[in-house]
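Next come the chains, spelled out residue by residue.
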Amino acid sequence: VKGHTESMELTIPEKIGDVAVPELSVYSVGAHMHWAGVDMKIDVERKAAASGEPPKECLLGTPKYDFNWQRGYAYDEPFDKLPVVRAGDKLRFTCTYDNTTANPHVSKAMAEQRMSTPPEIRLGETTLDEMCLGAIVVVRRANLLD
């Protein structure tokens, strides 16, 4: 199916155990899908945006996703300019797939596996299965009281 989309949402918790989640700066992001993946987007929807901060912000967009260049992408900004996430903010991961022969990666995988039609996509760990994984590396400024 061309244009099939799956999405997931994660709300950053107020606490982890007994420790309050501090303000976190997003240092880098990355996407991981397999052959049928054609686009992945990671957005943050802020519970309460700070002054000058957008209420919704795209952290990663890969509208021409390519299985061969999965890696982390670090922001080229000083620490004070990095996107920020806080407790209560929602992270949304949206993955779009094209499991047709119009997708050159699916065609290549089919040829390698000697298949005549694309396999049905299932969640799994082999390259003929699919994933929708995002990686987000966060950092915070050290505090003298830490």
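In this text, all values refer to a predicted model and were calculated from it rather than measured experimentally.

Glancing now at the overall build of the protein. Per the secondary structure count, the protein includes 1 helix and 10 strands. What you see in the protein, going N to C, is helices and strands ordered as β-β-β-β-β-β-β-β-β-α-β. For the protein, the proportion of its 146 residues judged to be buried stands at 35%. Carbon and sulfur atoms provide 54% of the accessible area of the protein, an area that totals close to 9,200 Å². Positive and negative charge centroids in the protein, built from 17 and 22 side chains respectively, lie 2 Å apart.

This part is about the state of the cysteines. Following the criterion strictly, the structure yields 1 disulfide and no others. Between the sulfur atoms of Cys95 and its disulfide partner Cys132 the distance amounts to 2.0 Å. An S-S torsion of about 85° defines the bridge between Cys95 and Cys132 as right-handed. One end of the pair, Cys95, is in strand E9 (residues 90–98); the other, Cys132, is in the loop between helix H1 (104–112) and strand E10 (133–139), with 37 residues separating them in the sequence. By relative accessible area, which is 0% here, Cys95 ends up buried. The cysteine Cys58 is free of any disulfide, with Cys95 supplying the nearest cysteine sulfur at 13 Å.

Judged by pairing direction, the sheet is antiparallel, and its 4 strands sit side by side in the order E1-E9-E5-E6 without closing on themselves. The two strands at the open ends of the sheet, each matched to only one other strand, are strand E1 (2–11) and strand E6 (56–61). Strand-to-strand twist of the sheet, defined as the mean angle between neighbouring strand axes without regard to direction, takes the value 20°. Sheet topology note: the strand E5 (residues 37–45)/E6 ladder contains 5 bridges and is antiparallel. Paired with Lys41 across the strands is Gly61, a residue of E6.

This part covers the side chain of Asn103. Here Asn103 lies in the loop between E9 and H1. Residue classification places Asn103 among the buried positions, given a relative accessible area of 4%. Setting aside its immediate chain neighbours within four residues, Asn103 contacts Trp35, Ala36, Val38 and Asp98.

Parameters and conventions
Residues numbered from 1 in each chain as written. Predicted model: local features only at pLDDT ≥ 70, side-chain atom pairs only at ≥ 80, totals over all residues. Heavy atoms only, no water. Helix = DSSP H or I, 4+ residues; strand = E, 2+ residues; numbered from the N terminus. Buried < 20%, exposed > 50% of the residue type's maximum accessible area, 1.4 Å probe, protein only. Areas by Shrake-Rupley, 256 points an atom, 1.4 Å probe, with all protein chains shown as cover. Lys, Arg positive; Asp, Glu negative; His and termini not counted. Charge placed at Lys NZ, Arg CZ, Asp CG, Glu CD. Disulfide = S-S within 2.5 Å. Pairing = 2+ DSSP bridges. Axes fitted to C-alpha atoms, helices over the stretch in contact; angles between N-to-C directions. Contact = heavy atoms within 4.5 Å.

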